[in-house]
Amino acid sequence: MMSTVQPGVEVRELHSQLLDQDLQLYVKLPWYYDRADATYPVLFALDANRSFPLYSTMSLIHETPGANVQEILIVGVGYKLDSDRIRGLAQWAAWRTRDLTPVHREETEKYWKQRLAALVPGEDLPAQTGGAPRFLQCLREEIIPFVEANYRVSATNRGLAGYSYGGLFVLYTLFHASELFTRYFAGSPSMWQALFQYEEEYAAGHDDLPARLFMTAGGLEPDLLETVQRLADRVRSRGYPRLEVLVHVIESEGHSSAYPAAVSRALGVLYYEDRPEG
């Protein structure tokens, strides 16, 4: 099924056999998509039920006709949620926690069980962690093939973008399926210790990492910024010939308020502008 929410944006439904769940894909088309036969770079943006308007609006602003920039197609990966906004919010929180986290963490599940119970009293939404391997398989075997079958997108110029848990999943994917994407945005990523193990395991078996990785953190997230910088320094130390790592601080902003600026900067760095110095 396909519908539109605004000019240039389509909403597609896709049932995932792997997740046993209906997904909702938000597709932002380039301005000239219907007037040309071009094939476009594609960016897969996670947490689309909340984040997609940030990506689509900023992308369309960057690509305003006459700007003379490369156009891209953006696919927001989301869930089909309940029509009740609060219940839908709880579903989104539960399912992203399940899908974007790489390992089981009891303390995280306990935290979300309490938060979800407060949102929807009397309902027993599962608070699970550790579903990233299956969600990555869903991306590889269901979502990407669906998009490539229905839109003119490049199979060799894909990007993956995520924030918070989404950033955690982006970094998990970088070390487990680096061949799937060439551009990665991890905004204020949840820096679980497992990431350093994954980085070490990847380095032990590879002599290159062909990717551009852009990571951000808010200036009011000093502990997170330190961990992000530590991972960036470690990856840089491997000397991968085709790896580019950039870290940017969103000054005077915290975890939530840094989100819009981080998305805008990521689009610029990865697609629309020359890379910043440093």
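Residues numbered from 1 in each chain as written. Predicted model: local features only at pLDDT ≥ 70, side-chain atom pairs only at ≥ 80, totals over all residues. Heavy atoms only, no water.

A. Broad picture of the overall build of the protein. The number of helices and strands found in the protein is eight helices and nine strands. The C-alpha atoms of the protein give 18 Å as radius of gyration, which agrees with the globular expectation for 278 residues (19 Å, within 12%). Judged by the C-alpha coordinates and their principal axes, the protein covers about 55 × 45 × 40 Å. Burial status across the protein gives 55% buried among its 278 residues. A sequence separation of at least 24 residues applies to 74% of the contacts in the protein between residues at least 6 apart. When the accessible surface of the protein is split by element, carbon and sulfur atoms take 49% of a total near 12700 Å². Computing the positive centroid from 26 side-chain charges and the negative centroid from 36, the protein places the two 1 Å apart. (Helix = DSSP H or I, 4+ residues; strand = E, 2+ residues; numbered from the N terminus. Rg over C-alpha atoms; globule rule 2.2 N^0.38 Å. Buried < 20%, exposed > 50% of the residue type's maximum accessible area, 1.4 Å probe, protein only. Contact = heavy atoms within 4.5 Å. Areas by Shrake-Rupley, 256 points an atom, 1.4 Å probe, with all protein chains shown as cover. Lys, Arg positive; Asp, Glu negative; His and termini not counted. Charge placed at Lys NZ, Arg CZ, Asp CG, Glu CD.)

B. Broad picture of a nonpolar patch on the surface. There is a patch of nonpolar side chains on the surface, built from Ile86, Leu89 and Leu119 and spanning about 210 Å² of accessible area. Relative to the assigned elements, Leu89 resides in helix α2 (residues 85-100). Its relative accessible area of 32% is what places Leu89 among the partly exposed residues. (Patch = residues over 30% accessible without salt bridge, like charges linked within 9 Å, V, L, I, M, F, W, Y side chains within 5 Å. Salt bridge = Lys/Arg side-chain N within 4 Å of Asp/Glu carboxyl O.)

C. Geometry of the nonpolar core. Core analysis: the largest hydrophobic core is formed by 72 residues, its most contacted members being Phe44, Leu73, Ile143, Val147, Leu160, Phe169 and Leu171. At nine residues, the largest contribution of residues to this core is made by helix α4 (residues 132-150). Apart from residues no more than four positions distant in its own chain, Leu160 is found in contact with Leu43, Phe44, Leu46, Leu139, Phe169, Val170, Thr173, Phe181, Arg183, Tyr184 and Phe185. Grouped together as the second largest cluster of nonpolar side chains are 26 residues, Tyr55, Ala161, Ala258 and Tyr259 included. (Core = buried A, V, L, I, M, F, W, Y, C linked by side-chain atoms within 4.5 Å.)

D. Inspection of the packing of aromatic side chains at higher detail. Throughout the structure, instances matching the rule amount to 16 aromatic pairs. The interplanar angle of 55° and the centroid separation of 6.3 Å between the aromatic rings of Phe175 and Tyr202 together place this pair among those described as tilted. With Phe175 in helix α5 (residues 165-176) and Tyr202 in helix α6 (residues 194-205), this pair connects stretches of sequence that are 27 residues apart. Each member of the pair, Phe175 as well as Tyr202, is classed as buried. Every member of this aromatic cluster is reached through a ring pair, and the members are Phe135, Phe169, Tyr172 and Tyr198. The cationic tip of Arg105 hangs over the ring face of Trp192; the distance from NZ or CZ to the ring centre is 4.1 Å. When the ring centre of Tyr33 is taken as origin, the NZ or CZ atom of Arg152, which lies over that ring, is 4.1 Å away. (Phe/Tyr/Trp six-rings, centres within 6.5 Å; stacked < 30°, edge-to-face > 60°. Lys NZ or Arg CZ within 6 Å of the ring centre and 35° of its normal.)

E. Looking closely at the packing of α2 against helix α3 (residues 106-119). The interhelical angle for the contact between α2 and α3, taken along N-to-C directions, is 170°, at an axis separation of 10 Å. Of the possible angle classes, the one that applies to α2 and α3 is roughly antiparallel. The segment α2 lies against α3, with Ile86, Leu89, Ala90, Ala93, Ala94 and Thr97 engaging Thr108, Trp112, Leu116 and Leu119. Residues that form the contact of α2 with α3 fall into these classes: eight nonpolar, two polar and no charged. (Axes fitted to C-alpha atoms, helices over the stretch in contact; angles between N-to-C directions. Parallel < 35°, antiparallel > 145°, perpendicular 65-115°, else oblique. Nonpolar A, V, L, I, M, F, W, Y, C, P; charged D, E, K, R; others polar.)

F. Representation of the pattern of salt bridges. Going through the model one piece at a time under the given rule, you end up with 17 salt bridges. Of the charged contacts, one joins Arg87 and Glu123 as a salt bridge, the two residues approaching to 2.6 Å between their closest N and O atoms. Linking Arg87 in helix α2 with Glu123 in the loop between α3 and α4, this pair joins segments that are 36 residues apart in sequence. Residue Glu123 is classed as partly exposed on the basis of its relative accessible area of 34%.

G. Spatial organisation of the environment of His62. Summarising the element assignment, His62 is placed in helix α1 (residues 48-62). Judged by its relative accessible area of 18%, His62 falls in the buried class. For the pair formed by His62 and Tyr272, sequence separation is 210 residues and the distance between their alpha carbons is 7.2 Å. Setting aside anything within four residues of it in sequence, one finds His62 in contact with Ala67, Val69, Ser264, Leu267, Gly268, Tyr272 and Glu273.

H. Broad picture of the pairing of strand β3 (residues 21-28). Among the eight residues that make up β3, seven are buried, leaving the element largely enclosed by the rest of the structure. Bridge count between strand β2 (residues 9-16) and β3: eight bridges; the pairing is antiparallel. Among the inter-strand pairings, Ser16 is bridged to a residue of β3, identified as Gln21. Linkage of β2 to β3, two consecutive antiparallel strands, is achieved through a turn of four residues, within which Asp20 is found at a positive phi near 55°. Two elements, β3 and strand β5 (residues 73-79), share six bridges in a ladder whose sense is antiparallel. Of the residues in β5, the one forming a bridge with Tyr26 is Gly76. (Pairing = 2+ DSSP bridges.)

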